[in-house]
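# Architecture at a glance
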Amino acid sequence: MSGSGDDLFAAAAGDAVDLAAPLAVRMRPRSIEQVRGQEASLRPGSPLRRLIEGASGAAGPMSAILWGPPGTGKTTLAHLVALAADRKFVELSAINAGVKDVRAVIDAAKQDRALYGRATVLFLDEIHRFSKAQQDALLPAVENRLIILVAATTENPSFSVIAPLLSRSILVTVQPLSDDDIASVVQDALTDERGLAGEFTLADDAQAHLVRMAGGDARRALTALEAAAGAAAGQQQITAAHVEQAMQQAMVRYDRAGDQHYDVASALIKSMRGSDVDAALHYLARMLEAGEDPRFIARRIVIAASEDVGMADPTALQTAVAAMHAVAQIGMPEARIILAQAVVHNALAPKSNAAYAGINAAIADVRAGRGGAVPPHLRGSGYAGAERLGHGEGYRYSHDEPGGVGPQQYLPDDLVAEADYYQPTDRGWENTLGPRWKANRRRIRGETAVDDESSV
């Protein structure tokens with residue numbers, strides 16, 4: 001438990017380097033200046049920086065909740081907190097630890113503070129896996145600042161961490177590393193004595209592939225680099241083939257920052273629009289395998305569900321929105337399953353862009369200056385003086401009308417005769433909306449009786 005955490009920390013933070021440790025551990029930053037991608041959270045005077053530098057309030061240092069994707073430096077930040085003021089570092093994982101382990105750390109922390117005046121940093125990884133009762137066990141020690149809790153989670157703390165613990169901690173959002181950050185981490189690992197110590201060079205295409213497949217995860221990049229170096233043993237250069245072999249994935253012709261990014265995203269949208277499920281899943285796979293942010297993909301699917309499916313199948317938008325929220329909470333690799341379901345639904349759904357075309361037509365009229373004053377009977381009448389102005393006079397309450405629809409002017413005078421924005425198709429559920437809208441429009445314009453056989 002705590003012993004392995006202390007030993008690993010000592011190896012990472014001390015002068016001696018344990019060459020048997022994983023490359024990602026050996027290359028762990030030893031100072032704030034070496035941390036990449038978290039400039040906003042570590043700006044001078046920020047709560048996290050003050051915590052790392054050993055500053056504390058009147059009652060002692062605060063605890064912290066670190067929220068962000070894997071491989072972005074949450075464990076590193078916890079180690080840096082422990083470095084300040086010679087604090088003791090204890091590491092637990094919520095995957096295999098329980099309340100008994102937490103209480104043992106708290107008891108040891110009491111002794112260390114009483115005997116040596118030494119503070120204890122408890123790094124709890126994946127705190128979202130702790131139940132409410134397990135998280136409750138941390139509260140007294142956190143509230144009394146007996147321990148400095150640094151908890152890491154990949155899930156939104158608002159949903160995964162109990163409110164009392166959140167209110168007693170600073171919340172730090174740890175950002176995904178940029179491609180430049182990952183490239184810099186890789187280059188340092190190639191030359192640093194703690195890393196590969198200049199034993200290898202890295203081909204440009206190999207680095208590009210490594211950075212792309214890392215997807216903002218420094219640990220993943222360093223693990224792959226270490227494996228690629230093993231595959232290149234006896235050679236001077238690590239090639240793209242070595243990286244490919246290390247990652248056990250084929251190189252994907254996709255550039256998240258270039259034309260391929262837009263081309264493949266466009267192909268996904270057009271394949272769903274064209275109802276080709278196989279093609280849509282192919283482009284989805286290409287984007288995922290290239291390390292595309294699944295949240296970007298989810299947003300595109302939501303747009304397509306409204307733009308291309310629309311009212312022909314209103315449930316497509318429900319599926320897409322649910323997928324977008326689920327992807328944000330779950331992450332990869334499971335997010336691929338959720339995205340696939342949303343893509344299949346979009347691709348197989350009947351298609352209509354009538355709502356999309358309708359709003360565009362209405363906006364075009366507004367931009368052209370069409371649309372006069374709101375008819376008086378539709379104007380707000382809930383304030384003093386409205387009645388004197390004639391506002392609301394003659395308004396017919398739709399729920400009192402037979403069928404819920406009655407004759408009444410809703411459009412401004414200059415659009416009554418010409419506005420025809422929404423034109424439903426005969427596809428999917430919209431096939432029932434077309435006759436309904438046609439009948440309702442005739443009633444609204446006073447062209448037919450409510451009991452007309454054409455009404456829906």
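The structure reproduced in this document is the subject of the present report.

### Brief notes about the packing of aromatic side chains
Counting across every chain of the model gives one aromatic pair. For the pair phenylalanine 89 and phenylalanine 123, a centre-to-centre distance of 6.4 Å together with 20 degrees between the ring planes defines the contact as stacked. You can see phenylalanine 89 sitting in strand β2 (residues 88-93) and its partner phenylalanine 123 sitting in strand β3 (residues 120-125), a full 34 residues away along the chain. Taken individually, phenylalanine 89 and phenylalanine 123 each receive the classification buried, so the pair is uniform in this respect.

### Regarding the packing of helix α10 (residues 179-191) against helix α12 (residues 218-231)
Where α10 meets α12, the axes come as close as 10 Å, and the angle between the chain directions of the two elements is 40 degrees. Taken as axis vectors, α10 and α12 run oblique relative to one another. By crossing handedness, the relation of α10 to α12 is classed as right-handed. Residues Ile182, Val185, Val186, Ala189 and Leu190 of α10 form the contact with α12, whose participating residues are Ala218, Ala221, Leu222 and Leu225.

### Considering the layout of surface pockets
Here the second largest pocket defines a volume of roughly 270 Å³. Lining the second largest pocket are 13 residues, with Leu411, Trp437, Arg441, Ile444 and Arg445 sitting closest to its centre. In terms of residue class, the lining of the second largest pocket is made up of eight nonpolar, two polar and three charged.

### As for the pattern of salt bridges
Any two side chains of opposite charge can pair, on the condition that their charged atoms come close. Within this structure, the stated rule accounts for 16 salt bridges. Where arginine 273 meets glutamate 307, a salt bridge forms, and the shortest distance between an N and an O atom there is 3.6 Å. One end of the pair, arginine 273, is in helix α14 (residues 259-273); the other, glutamate 307, is in helix α16 (residues 294-309), and 34 residues separate them in sequence. Of the residues examined, glutamate 307 reaches a relative accessible area of 22% and is grouped as partly exposed. Put simply, glutamate 418 and arginine 370 hold a salt bridge, and the shortest N to O gap is 2.8 Å. You can see glutamate 418 sitting in the loop between α19 (354-367) and α20 (430-444) and its partner arginine 370 sitting in the loop between α19 and α20, a full 48 residues away along the chain. In this structure glutamate 418 comes out as exposed when scored by relative accessible area, which is 54%. Residue classification places arginine 370 among the partly exposed residues on the basis of a relative accessible area of 28%. One continuous salt-bridge network, built from bridges that share partners, spans Glu33, Arg49 and Glu53.

### Describing the side chain of histidine 79
Along the polypeptide, histidine 79 turns up in helix α4 (residues 74-83). Judged by relative accessible area, which is 2%, histidine 79 ranks as buried. Within the structure, histidine 79 has its side chain in polar contact with the side chain of arginine 28 (distance 3.2 Å).

### Digging into the environment of glycine 403
Relative to the helices and strands, glycine 403 is located in the loop between α19 and α20. Residue glycine 403 is classed as exposed on the basis of its relative accessible area, which comes to 68%.

About the criteria used
In this convention, every chain numbers its residues from 1, walking through the sequence in written order. In keeping with the predicted nature of the model, local features appear solely for residues at pLDDT of at least 70, side-chain atom pairs appear and are counted solely at 80 or more, and the whole-chain, interface and lining totals rest on all residues. Heavy atoms from the whole structure form the basis of all side-chain values; hydrogens and water molecules are not counted. Geometry of aromatic contacts follows a simple scheme: Phe, Tyr and Trp rings, the Trp one being its six-membered ring, pair when their centres are within 6.5 Å, and the pair is stacked under 30 degrees between planes, edge-to-face over 60, tilted otherwise. Under the DSSP-based scheme used, a helix requires at least four consecutive residues in state H or I and a strand at least two consecutive residues in state E, with every element numbered from the N terminus. To sort residues, take the accessible area from a 1.4 Å probe on protein chains only and compare it with the maximum for the residue type: under 20% means buried, over 50% means exposed, and anything in between is partly exposed. An axis is simply a line fitted to the C-alpha atoms; with a helix, the fit covers only the stretch in contact. Between two such axes, the angle follows the N-to-C directions and lies from 0 to 180 degrees. Throughout, the term roughly parallel applies to angles under 35 degrees, roughly antiparallel to angles over 145, roughly perpendicular to angles from 65 to 115, and oblique to all others. Rotating anticlockwise by less than a right angle from the far helix to the near helix defines a left-handed crossing, while the corresponding clockwise rotation defines a right-handed one. Whether two residues touch is decided by their heavy atoms; if any such pair falls within 4.5 Å, the residues are in contact. Computed over the protein atoms alone on a 1 Å grid, cavities are sets of points where a 1.4 Å probe fits but cannot get out and pockets are open sets with protein on both sides within 12 Å along at least five of seven lines; a residue lines them when it has an atom within 4 Å of a point. Grid points are joined across faces, edges and corners, and a volume is the space filled by probe spheres set on the points. Each residue gets one label: Ala, Val, Leu, Ile, Met, Phe, Trp, Tyr, Cys and Pro are nonpolar, Asp, Glu, Lys and Arg are charged, and the others, such as Gly, are polar. Definition used for salt bridges: Asp or Glu carboxyl oxygen within 4 Å of a side-chain nitrogen of Lys or Arg. For the purposes of these results, a polar contact is taken to be a pair of N or O atoms within 3.5 Å, where, inside protein, one atom must be able to donate a hydrogen and its partner to accept one; residues adjacent in sequence count only when each atom of the pair is a side-chain atom.

In short, geometric facts, not functional conclusions.
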